[in-house]
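Chain by chain, the residues run as shown.
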Number of protein chains: 2
Amino acid sequence: MLQRPYLLFLGDARDQLAAKTAIGLFAWRRDWCLGQLRLPGCSAMLDLPEMTVADGVAAGARTLVIGVANAGGVIPPAWIDTLEAALLSGLDVVSGLHDRLDAIARLRDAALAAGRSLVEVRVPARSFPVGTGLPRSGRRLLTVGTDCSVGKMYTALAIEREMRVRGMEADFRATGQTGILIAGDGVSVDAVVADFIAGATEWLTPAQQPEHWDLIEGQGSLFHPSYAGVSLGLLHGAQAEALVICHEPTRTHMRGLPHQPLPDLVSCIIANEQAARLTCPSARCVGVAVNSSGLAVEARSAYLRQLREATGLPCVDPLLDGVGAIVDRMLS
Amino acid sequence: MLQRPYLLFLGDARDQLAAKTAIGLFAWRRDWCLGQLRLPGCSAMLDLPEMTVADGVAAGARTLVIGVANAGGVIPPAWIDTLEAALLSGLDVVSGLHDRLDAIARLRDAALAAGRSLVEVRVPARSFPVGTGLPRSGRRLLTVGTDCSVGKMYTALAIEREMRVRGMEADFRATGQTGILIAGDGVSVDAVVADFIAGATEWLTPAQQPEHWDLIEGQGSLFHPSYAGVSLGLLHGAQAEALVICHEPTRTHMRGLPHQPLPDLVSCIIANEQAARLTCPSARCVGVAVNSSGLAVEARSAYLRQLREATGLPCVDPLLDGVGAIVDRMLS
């Protein structure tokens, strides 16, 4: 468990997008964020008080969260003074980067001296059993995608919020770094040993009361040649009766692979339903979540209408339309 | 690379099957095996000279291979004296068990003192890039299965042997512990970090001359709820134009999962072909390899004939019939 509340470290982020982990936290867990700590040269900014480490501690922060995602996932030397000061002032430090905090001697020493934790949310904190596929109680929804980075985390969080507004028992289950920071816990399923993808997912989404919903963040795509193994293990481990497929209609190829075309959306729904039925025979797709930010306003309505006709499913942009139509379908 | 030849350590194996790693090595790499080392109480036996560590060293052995696979993959205390003596006498020690040799202080110290290696074939020796799905030259075949432990390694090795007899360029590519010991190298794909299953497979089976065949050992099954993620990543990374499906017809449920029925063989062929075509559009199944040891002699012929009619493919028991019919089909 991560200790809250958080002081968000934006470092020397070169633009707003570089602080996407902090942006996700701020968008979804505003109440956990006390302030932002920006280094000289930082071009990102949130609507939060600017704080030093000392300000954050005085305000009650428990953890400094590295909110910057850079290419290669590196921890640049310019950050070390601040991270060390945070530890020595009594804060835990949390990272979802590839570079490990505990590989940096000054941070390891400071954490030891101050009795604080270096939390690597991408590194599994425990080992997992292999998956069993045994049926378990409770209801589960998994977001899947035609590609990576098409809104699977956002959609699962939006459904959690919608269900809670309606008084339903519902919990978001995080399977990636930003999701884990937002949820406060979770498992980065792309970082577990391959044999344990499904097992880690079963562990993350255990048996619950019959009417309780787990809303599970999907990863990758069954049609992404780099990551489909993770997507399939997650699909089997989730035992989700409900799938929501996420899509970005202006993308011309699979993310990071210019030679790889996107799958047809309907084929992608069918493939996900078929695979999901191995461990949940009643699995079905209950909606399509479209990131329509790349479409013109007129094109957007026509596109969603056309998609509704092709799939027979509620098709929404969660950011613009909400996900009420999808939750309605699930309950009908 | 593993240093050959090998002295096979059978430990205190309680029956013949408990020494399955040694049996696989002996069956497929007889020339690399100088002798067997059996502890008191060992009930397994190979047709090899019995040797002490000193005998093995005198005969030219370079490596002591732990040839025993036990439940839990543990290294019992009764083995330590022998493993330590092997290191101090100048042998490397190789293990495919879950327990790590280097977690045992006496073995770590002995390896350091003698300048020998503790080789954990299950633990990836390097990191891998993520898969790209980019087409590469050379020809590739992957064995897939309706379940785990249905003959995927055996079949790939049998096809390598058959092709080499015919003068073809062909290399077996190992993806599991016993296969790695037989091949002398390879990658245990079930032990890599989940994001890199396909990438590790691409690395293991790189571009080759156009007529060269890589014969890739499959793992698990697309229909096994515990391990299907590994199977799919392997399928995408392999980019295999030819699939051979392996099957054990008397099995009543998926291995280790009494509640999970086996898939229909034809459905399993179709699902594997569909998934494989993401990275190799020409992928097709070219044969069925049946472990028929559980069938009566009369039932066996009728079963294979019926399977030929249902699939339109050559259907053989590789142990009894060889795999010539499958290689014929590949070349036709």
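Nothing here was measured: the structure is a model prediction, and the numbers come from that model.

K.L.:
Talk me through the UniProt feature "domain: D-glutamate N-acetyltransferase-like C-terminal" (unreviewed entry) in chain A; I want residue IDs and the actual numbers.
P.N.:
Here the UniProt feature "domain: D-glutamate N-acetyltransferase-like C-terminal" (unreviewed entry) sits at residues 131-327 of chain A. Secondary structure across residues 131-327 of chain A comprises 38% helix and 15% strand; the distance between its end C-alpha atoms is 29 Å.

K.L.:
Help me get a handle on the relation of the copies chain B and chain A, residues and values and all.
P.N.:
It takes a turn of 180 degrees to lay chain B on chain A, together with a shift of 0.1 Å along the axis; the resulting RMSD is 0.1 Å. Viewed as a symmetry operation, the transformation between the two copies matches a two-fold axis. Both copies present the same face, since 97% of the interface residues in chain B are matched by interface residues at the equivalent positions in chain A.

K.L.:
I'd like to hear about helix 4 (residues 105-114) of chain A, residue by residue, with values.
P.N.:
Residues and elements named next belong to chain A. By the burial criterion, the buried members of helix 4 are Leu 107, Ala 110 and Ala 111. Angularly, the buried residues of helix 4 cover 100 degrees about the axis, an arc narrow enough to put them on a single face. Residues Leu 112 and Ala 113 are exposed on helix 4 and point more than 90 degrees away from its buried face. At its buried positions, helix 4 is contacted by helix 3 (80-88) and strand 5 (118-120).

K.L.:
Would you mind going over the sheet that holds strand 1 (residues 6-11) of chain A in detail, with residue names and values included?
P.N.:
Residues and elements named next belong to chain A. With respect to topology, 5 strands assemble into an open sheet ordered 2-1-3-4-5, the strand pairing being parallel. Each end of this open sheet is capped by a strand with a single partner; those strands are strand 2 (33-38) and strand 5. In this sheet, adjacent strand axes meet at a mean angle of 25 degrees when their direction is disregarded. Pairing of strand 1 with strand 3 (residues 63-66), which is carried by 4 bridges, proceeds in the parallel orientation. If you follow Phe 9 over to strand 3, its bridge partner there is Ile 66.

K.L.:
Tell me about the domain arrangement of chain A, and name the residues and values.
P.N.:
Residues and elements named next belong to chain A. Partitioning chain A into domains gives domain 1 (6-120) and domain 2 (139-331). Here the C-alpha centroids of domain 1 and domain 2 sit 29 Å apart. Each side of the interface is counted separately: domain 1 has 10 residues, and domain 2 has 11 residues. With both chains or domains summed, domain 1 and domain 2 bury close to 990 Å², and 67% of this area falls on carbon and sulfur atoms. Across the contact surface, domain 1 and domain 2 share 1 salt bridge. Among the ionic pairs, Arg 29 bridges to Glu 160, the shortest N-O distance being 3.3 Å. At the surface where domain 1 touches domain 2, the tally comes to 5 residue pairs in polar contact (both at pLDDT 80 or more). Here the side of domain 1 that touches domain 2 is built from residues that sort into 6 nonpolar, 3 polar and 1 charged.

K.L.:
Got a sec to walk through the nonpolar core? Specific residues and values, please.
P.N.:
If you look at the biggest cluster of nonpolar residues, it comprises 76 residues, and the most contacted ones within it are Leu142(A), Leu235(A), Leu142(B) and Leu235(B). Every residue in contact with Leu142(A), bar those within four places of it in the chain, is listed here: Ile216(A), Glu217(A), Gly218(A), Leu234(A), Leu235(A), Ala238(A), Ala240(A), Ala242(A), Leu243(A) and Val244(A). Counting 73 residues, the second largest nonpolar core, distinct from the first, contains Ala44(A), Leu107(A), Val121(A) and Ala170(A).

K.L.:
Describe the packing of helix 9 (residues 265-276) of chain B against helix 10 (residues 297-311) of chain B, naming the residues involved and giving the relevant values.
P.N.:
Residues and elements named next belong to chain B. Between helix 9 and helix 10, the least distance of the axes is 10 Å, while the angle of their chain directions is 45 degrees. As far as their axial angle goes, helix 10 and helix 9 are oblique. Our pair here, helix 9 against helix 10, has a crossing hand that is right-handed. Each of Leu 265, Val 266 and Ile 269 in helix 9 lies in contact with helix 10, whose residues at this interface are Leu 307, Ala 310 and Thr 311. By residue class, the composition of the contact of helix 9 with helix 10 is 5 nonpolar, 1 polar and no charged.

K.L.:
I'd like a description of the interface of chain B and chain A, backed by residues and values.
P.N.:
How big an interface is tends to be expressed through the accessible area that disappears when the partners come together. Counting from both sides, the interface comprises 33 residues of chain B and, opposite them, 32 residues of chain A. In total, chain B and chain A occlude about 2400 Å² of area from one another, counting both sides; carbon and sulfur atoms represent 60% of this. For chain B, the biggest contributors to the area lost against chain A are Asp195(B), Pro225(B) and Leu278(B); these three give 22% of the whole. Summed over the shared surface of chain B and chain A, the number is 0 salt bridges. Here chain B and chain A share 10 residue pairs in polar contact (both at pLDDT 80 or more) between them. Secondary structure elements with two or more residues in the side of chain B that touches chain A: helix 7 (197-204) and helix 8 (228-238) of chain B. With 6 residues, the top contributor of residues to the side of chain B that touches chain A is helix 8 of chain B.

K.L.:
Kindly report on the pairing of strand 3 (residues 63-66) of chain B, identifying the contributing residues and their values.
P.N.:
Residues and elements named next belong to chain B. Alternating positions in strand 3 separate into two faces, Thr 63 and Val 65 on one and Leu 64 and Ile 66 on the other, with burial throughout. Of the strand pairs in this sheet, strand 3 and strand 4 (residues 92-95) are connected by 3 bridges, and their pairing is parallel. Each bridged residue has a counterpart across the sheet, and for Leu 64 the counterpart in strand 4 is Val 93.

K.L.:
A description of the pattern of salt bridges should follow, citing residues and the corresponding values.
P.N.:
Working definition: two side chains of opposite charge can pair if their charged atoms are close together. Counted by the stated rule, this structure contains 34 salt bridges over all chains. Across the pair Arg277(B) and Glu273(B) runs a salt bridge, and its minimum N-O distance is 3.7 Å. Look at Arg277(B) and you get partly exposed, because its relative accessible area is 36%. Residues participating in the shared-partner salt-bridge network are Arg29(A), Glu160(A), Arg164(A), Asp171(A), Arg173(A) and Asp214(A).

The rules we used
- Residues numbered from 1 in each chain as written.
- Chains lettered and ligands numbered in written order.
- Predicted model: local features only at pLDDT ≥ 70, side-chain atom pairs only at ≥ 80, totals over all residues.
- Heavy atoms only, no water.
- UniProt positions renumbered as here; feature names shortened; annotations may be inferred.
- Helix = DSSP H or I, 4+ residues; strand = E, 2+ residues; numbered from the N terminus.
- Least-squares fit on C-alpha atoms with pLDDT ≥ 70 in both.
- Contact = heavy atoms within 4.5 Å.
- Buried < 20%, exposed > 50% of the residue type's maximum accessible area, 1.4 Å probe, protein only.
- Arc of directions from axis to C-beta.
- Pairing = 2+ DSSP bridges.
- Axes fitted to C-alpha atoms, helices over the stretch in contact; angles between N-to-C directions.
- Domains from an automatic or database assignment.
- Buried area = accessible area lost by both parts, 1.4 Å probe.
- Salt bridge = Lys/Arg side-chain N within 4 Å of Asp/Glu carboxyl O.
- Polar contact = N/O pair within 3.5 Å; in protein donor to acceptor, adjacent residues only side chain to side chain.
- Nonpolar A, V, L, I, M, F, W, Y, C, P; charged D, E, K, R; others polar.
- Core = buried A, V, L, I, M, F, W, Y, C linked by side-chain atoms within 4.5 Å.
- Parallel < 35°, antiparallel > 145°, perpendicular 65-115°, else oblique.
- Left-handed = near helix turned anticlockwise from the far one by under 90°.

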